[in-house]
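# Structural features, examined
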Amino acid sequence: MNSQRRVALTGFMGVGKSSVARHLASILRCDRVDLDSYIEKNEGRSIADIINNDGEPAYRIIETANLGRVLNETDARILSLGGGTWTIPGNRDLIIGRGLVTVWLESSFEHCWANISKSRKERPLAKNKDAARRLFDERQGIYCLADWHFIIRPEFNSYEIARQIADQVFS
Ligand code: S3P
């Protein structure tokens, strides 16, 4: 097992990045950081509050600063990104520059939207289905720049996805 490998999980909102990361860290017995939670803790505000009040460009600056901190100041081997993190070129440079392996969790828009709709997490960039679909379509060509690609089928739960990643990426 390649125990030193560090992994960043990317993919659209609602695909299940945080849950897969939690299971993966437990299977591999290592630390993980959820970037959204890390930002909220450091900034003392919710991401929704930042985006709604300061705007998305201001949020992206904060996100990049916090990504740099996670990469440089923590030993976490599993990092779940926000849905937009990997779409910013400078963030990709940071992640690649620190040698992380990137994994795209891909699913259908309908599957992501079903999860977004039933989640309690406020997502200001997915306020309605049309806006979310536009973002989803725009981003597919960027997510696919990740090193690995796992298709999330609704019949697999997040533990099973984590198991597949552990077996294939960490073998
Ligand atoms: C965003 C996704 C969110 C959060 C922020 C912006 C995006 O994270 O970072 O609302 O641009 O797709 P999740 O993918 O965890 O919902």
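Here, the structure is the one placed above.
First, a word on scope: everything that follows refers to the structure included in this document. (Residues numbered from 1 in each chain as written. Predicted model: local features only at pLDDT ≥ 70, side-chain atom pairs only at ≥ 80, totals over all residues. Heavy atoms only, no water.)

### Some words on the site of the ligand
- In the vicinity of the ligand lie 14 residues, with Lys17, Asp36, Arg60, Arg123 and Arg139 positioned nearest.
- Note that an oxygen atom of the ligand is positioned 3.3 Å from one of the backbone N or O atoms of glycine 84.
- Against a free-state accessible area of 380 Å², the protein chains account for coverage of 98% of the ligand.
- A molecule is said to occupy a pocket when more than half its atoms come within 2 Å of that pocket's grid points, and by this definition the ligand occupies the largest pocket.
- Elements with a minimum of two residues in the shell around the ligand: α3 (47-54) and α4 (56-73).
- Looking at side-chain class alone, the shell around the ligand contains 5 nonpolar, 3 polar and 6 charged residues. (Near = heavy atom within 4 Å. Polar contact = N/O pair within 3.5 Å; in protein donor to acceptor, adjacent residues only side chain to side chain. Areas by Shrake-Rupley, 256 points an atom, 1.4 Å probe, with all protein chains shown as cover. 1 Å grid on protein atoms, 1.4 Å probe; cavity = no way out; pocket = protein on both sides within 12 Å on 5 of 7 lines; lining within 4 Å. Sits in = over half its atoms within 2 Å of the grid points. Helix = DSSP H or I, 4+ residues; strand = E, 2+ residues; numbered from the N terminus. Nonpolar A, V, L, I, M, F, W, Y, C, P; charged D, E, K, R; others polar.)

### Things to note about α4
- In a regular helix each residue adds 1.5 Å, so 18 residues correspond to 26 Å; α4 covers 25 Å between its end C-alpha atoms and thus fits that length.
- Among all positions in α4, only Tyr59, Arg60, Ile62, Glu63, Asn66, Leu67, Gly68, Val70 and Leu71 are buried.
- Looking at the packing, one finds that the buried side of α4 touches β2 (32-34), α2 (35-43), α3, β3 (78-80), α5 (89-97) and α7 (129-143). (Expected span 1.5 Å × (residues − 1). Buried < 20%, exposed > 50% of the residue type's maximum accessible area, 1.4 Å probe, protein only. Contact = heavy atoms within 4.5 Å.)

### Points about the environment of serine 107
- Looking at the element boundaries, serine 107 is found in the loop between β4 (101-106) and α6 (109-118).
- For serine 107, a relative accessible area of 8% corresponds to the buried category.
- Sequence-wise, serine 107 and glycine 16 are 91 residues apart; in three dimensions their C-alpha atoms are separated by 9.6 Å.
- Every residue in contact with serine 107, bar those within four places of it in the chain, is listed here: Val15, Cys112, Phe136 and Ile152.
- Side-chain polar atoms of serine 107 contact the backbone oxygen of isoleucine 152, separated by 3.2 Å.

These values are about where atoms sit, not about what they do.
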